Amino acid sequence: MSGKRRGALCFLVAALLLAGGAVEVLAQAREPRAIAENRALDAQLEAAAEALDAERVANLFWKGPEATIVFTDGSVHQGWENLRRFYTEFFPTLASVAVEYSDVSYHQVGDAVIGTGTVKVQAEPKDGPPLDFSYRFTSLRRRQAGKWVFVMRQAQMLPPPPLTASDPLYKRLGGYDAIAAVVDDFIPRLANDAQLGRFFTGMSADSGKRVRQLIVDQVCAATGGPCLYVGRDMKTAHAGLGITEADWDIAVRHLVTTLDKFRVPAREKNEVLGALGGMKDQIVEK
């Protein structure tokens with residue numbers, strides 16, 4: 001998924017607040033009126049975002065050229081009509097969004113209220129792998145026609161937590177995008193090899209794309225990722241190709257070159273090669 005789309009997703013959920021207990025309710029009762037009103041508006045944004053209601057979300061922004069969103073990749077959407085158009089086009093690409101807030105605070109400065117906090121996001125796009133990330137947000141609201149509205153929202157992506165030895169190989173490899181990048185480098189090496197190129201002769205561009213996607217999904221699933229491989233088993237898929245031991249060795253060398261190019265650590269590289277080795281008897285015929 002692109003950085004802009006990921007950044008956009010940050011702002012979809014940037015002000016969603018979790019419901020609190022009785023102690024929090026009592027504390028909110030003692031808050032200044034402006035702060036309490038802004039907290040209530042965040043609850044409205046939560047409901048609108050989870051309903052993927054573009055109109056309701058857009059109506060929480062300043063209706064004028066001052067309305068601004070700054071995404072985590074630095075890109076900017078400015079002006080209410082542009083924001084409304086963005087949400088109208090973006091919401092249909094999502095299946096669901098879940099968020100978890102922490103360290104949320106509000107501060108009134110003159111006629112404005114500034115909100116800050118940290119948000120953990122888990123999202124399910126309709127097209128693409130699930131997303132799981134965290135960011136720090138800052139928002140600015142002012143009154144327009146007697147109602148508090150967003151003038152500006154900005155988010156900064158937080159680095160992911162350090163990987164541990166217990167994390168699945170999929171995560172230690174860098175996730176879906178990293179696996180796709182490896183496959184996109186590896187397949188051309190096979191196709192352009194003097195000995196292995198014969199297996200790609202006569203393959204249409206469309207067939208090539210399908211094979212590429214199947215390999216990505218297979219590696220993703222085999223390393224503990226959230227993908228589903230729907231292709232044939234390896235023995236059926238390679239039956240009759242006459243793949244030899246020498247062909248296999250060349251393919252492995254190309255894979256090692258690709259993994260080294262992406263600086264895959266030794267442990268993860270050995271695990272990938274080990275998983276590939278388990279398929280050898282189903283692929284090699286001679």
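All values reported here derive from a predicted model rather than from experimental measurement.

Draft legend 1. Layout of the sheet that holds strand β3 (residues 94-109). If you trace the 6 strands from one edge of the open sheet to the other, you get β2-β1-β6-β5-β4-β3, paired in mixed fashion. Two strands in the sheet have a free side with no partner beyond their single neighbour: β2 (76-78) and β3. Averaged over neighbouring strand pairs, the angle between their axes works out to 20 degrees when direction is ignored. Examined bridge by bridge, strand β4 (residues 112-125) and strand β5 (residues 131-144) share 12 bridges and lie antiparallel to one another.

Draft legend 2. Representation of the packing of helix α10 (residues 245-261) against helix α11 (residues 266-277) within the structure. Interhelical geometry of α10 versus α11 gives an angle of 155 degrees and a closest axis separation of 11 Å. Taken as axis vectors, α10 and α11 run roughly antiparallel relative to one another. In this structure, α10 meets α11 at a crossing whose hand is right-handed. From α10, Trp248, Val252, Leu255, Val256, Leu259 and Asp260 reach across to α11, where they touch Lys269, Val272, Leu273, Leu276 and Gly277. Here the contact of α10 with α11 is composed, by residue class, of 8 nonpolar, 1 polar and 2 charged.

Draft legend 3. Structural detail: the side chain of Asp167. Among the structural elements, Asp167 can be located in the loop between β6 (147-157) and α6 (169-173). In terms of polar contacts, Asp167 uses its side chain to reach the backbone amide nitrogen of Thr164, at 2.7 Å. Contacts of Asp167, omitting those with residues within four sequence positions, involve Pro162 and Arg172.

The rules we used
Residues numbered from 1 in each chain as written. Predicted model: local features only at pLDDT ≥ 70, side-chain atom pairs only at ≥ 80, totals over all residues. Heavy atoms only, no water. Pairing = 2+ DSSP bridges. Helix = DSSP H or I, 4+ residues; strand = E, 2+ residues; numbered from the N terminus. Axes fitted to C-alpha atoms, helices over the stretch in contact; angles between N-to-C directions. Parallel < 35°, antiparallel > 145°, perpendicular 65-115°, else oblique. Left-handed = near helix turned anticlockwise from the far one by under 90°. Contact = heavy atoms within 4.5 Å. Nonpolar A, V, L, I, M, F, W, Y, C, P; charged D, E, K, R; others polar. Polar contact = N/O pair within 3.5 Å; in protein donor to acceptor, adjacent residues only side chain to side chain.

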